[in-house]
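Spelled out from the first residue to the last, the chains are:
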Amino acid sequence: MTGTRGYHHGDLPRALLAVAEEAIRESGPAALSLRDLARRAGVSHAAPAHHFGDRAGLFTALAVQGFDLLAEALESTGGELLDLGVAYVDFAVRYRAHFEVMFHPDLYRSDAAEVRAARDRAGAALHAGVTALPAASTDAGDGRGDGRGGVHGPLGDALAAWSIVHGFATLWLADALPPGVGDDPREVARTVIERLFTPAADPG
């Protein structure tokens, strides 16, 4: 058990989030309640409710923290698509509990202003990597649906990049990849991203 006794009152919310992260890593978000969080943290039953209101409030705080951490990780790469993708996978592995909450908006208040701001910041950092793609891939329209049954242009490229790295991270965390792919998720992810987003050499 991770105790929070000895923390100053202003530090308790952060300490409770750390305990929640530990609990989610062990049992997943569905099993976590405020009462269980209080028990694990060694505080009164009322303490988590005082700081987060309810279970959705707790997960909202975790989601905001997660999107901020993801944005920081992406922004530190320099903006190259390959490095952004590897950083995304690294984040998912390092902050598995946050990752599990962030992409289950039924758990938290996804329309909260602080969630939107953090999510948009992370999305903008990932989208910036699309500029590294070949020009022919990003000049087809404005990125909105155009009647061809999908999304094209820069938005389409950003969705493709996100789908690849998010899908890889999800498969890795679920231990669902084929055996023998390697033990380092970052190196394996780099190989996958290079294969899919590096322009093929001109045979002529």
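Since this is a predicted model, take the numbers as computed values, not measurements. (Residues numbered from 1 in each chain as written. Predicted model: local features only at pLDDT ≥ 70, side-chain atom pairs only at ≥ 80, totals over all residues. Heavy atoms only, no water.)

J.: Before we move on, can you summarise the overall build of the protein chain with the specific residues and values?
T.: Along the backbone of the protein chain there are 10 helices and 0 strands. Within the protein chain, buried positions represent 38% of all 204 residues. Residue pairs in contact within the protein chain that sit at least 24 positions apart in sequence constitute 65% of those at least 6 positions apart. Just so you have it, the protein chain exposes about 11000 Å², and 53% of that area is on carbon and sulfur atoms. (Helix = DSSP H or I, 4+ residues; strand = E, 2+ residues; numbered from the N terminus. Buried < 20%, exposed > 50% of the residue type's maximum accessible area, 1.4 Å probe, protein only. Contact = heavy atoms within 4.5 Å. Areas by Shrake-Rupley, 256 points an atom, 1.4 Å probe, with all protein chains shown as cover.)

J.: So what's going on with unusual backbone geometry? Which residues, and what values?
T.: Residues apart from glycine generally show negative phi values, whereas peptide bonds are mostly found in trans. Unusually for a residue other than glycine, D175 sits at a positive phi of about 55°. Positionally, D175 belongs in the loop between α9 (153-173) and α10 (185-197). For D175, a relative accessible area of 69% puts it in the exposed group.

J.: Summarise the packing of aromatic side chains; cite the residues concerned and give the values.
T.: The tally for this structure, following the rule as stated, stands at 6 aromatic pairs. Arranged with centres 6.2 Å apart and planes meeting at 45°, the rings of F103 and W162 form a pair that is tilted. Remark: W162 occurs in helix α9 and F103 occurs in the loop between α6 (96-102) and α7 (113-128); sequence separation between them is 59 residues. Assessed through its relative accessible area of 24%, F103 is described here as partly exposed. Taken together through their ring pairs, the aromatic side chains of F67, Y88, F99, F103 and W162 make up a single cluster. (Phe/Tyr/Trp six-rings, centres within 6.5 Å; stacked < 30°, edge-to-face > 60°.)

J.: Hey, could you go over the environment of A56 for me, with residue numbers and the actual values?
T.: By the element assignment, A56 lies in helix α4 (residues 55-75). C-alpha of A56 to C-alpha of R109: the two residues are 53 residues apart in sequence and 6.5 Å apart in space. Contacts of A56, omitting those with residues within four sequence positions, involve L107, Y108 and R109.

J.: Talk me through the nonpolar core; I want residue IDs and the actual numbers.
T.: L32, L58, F59, L74 and Y108 are the most contacted members of the largest nonpolar core, which totals 52 residues. The greatest single-element share of this core, amounting to 9 residues, is contributed by α4. (Core = buried A, V, L, I, M, F, W, Y, C linked by side-chain atoms within 4.5 Å.)

J.: I'd like a description of the side chain of T60, backed by residues and values.
T.: Structurally, T60 is set in helix α4. Accessibility expressed as a relative area gives 6% for T60, which makes it buried. A polar contact of 3.0 Å, which involves the side chain of T60, links it to the backbone nitrogen of R109. Aside from chain neighbours lying at most four places away, what touches T60 is Y108, R109, A112, E114 and V115. (Polar contact = N/O pair within 3.5 Å; in protein donor to acceptor, adjacent residues only side chain to side chain.)

J.: An account of the pattern of salt bridges is needed here, citing residue identities and associated values.
T.: Going through the model one piece at a time under the given rule, you end up with 12 salt bridges. E100 is paired through a salt bridge with R96; the nearest N and O atoms lie 3.3 Å apart. Highlighted residues: E100 and R96, both in helix α6, separated by 4 residues, approximately one helical turn. By sharing partners, the salt bridges in this structure join E26, D36, R39 and R40 into a single network. (Salt bridge = Lys/Arg side-chain N within 4 Å of Asp/Glu carboxyl O.)

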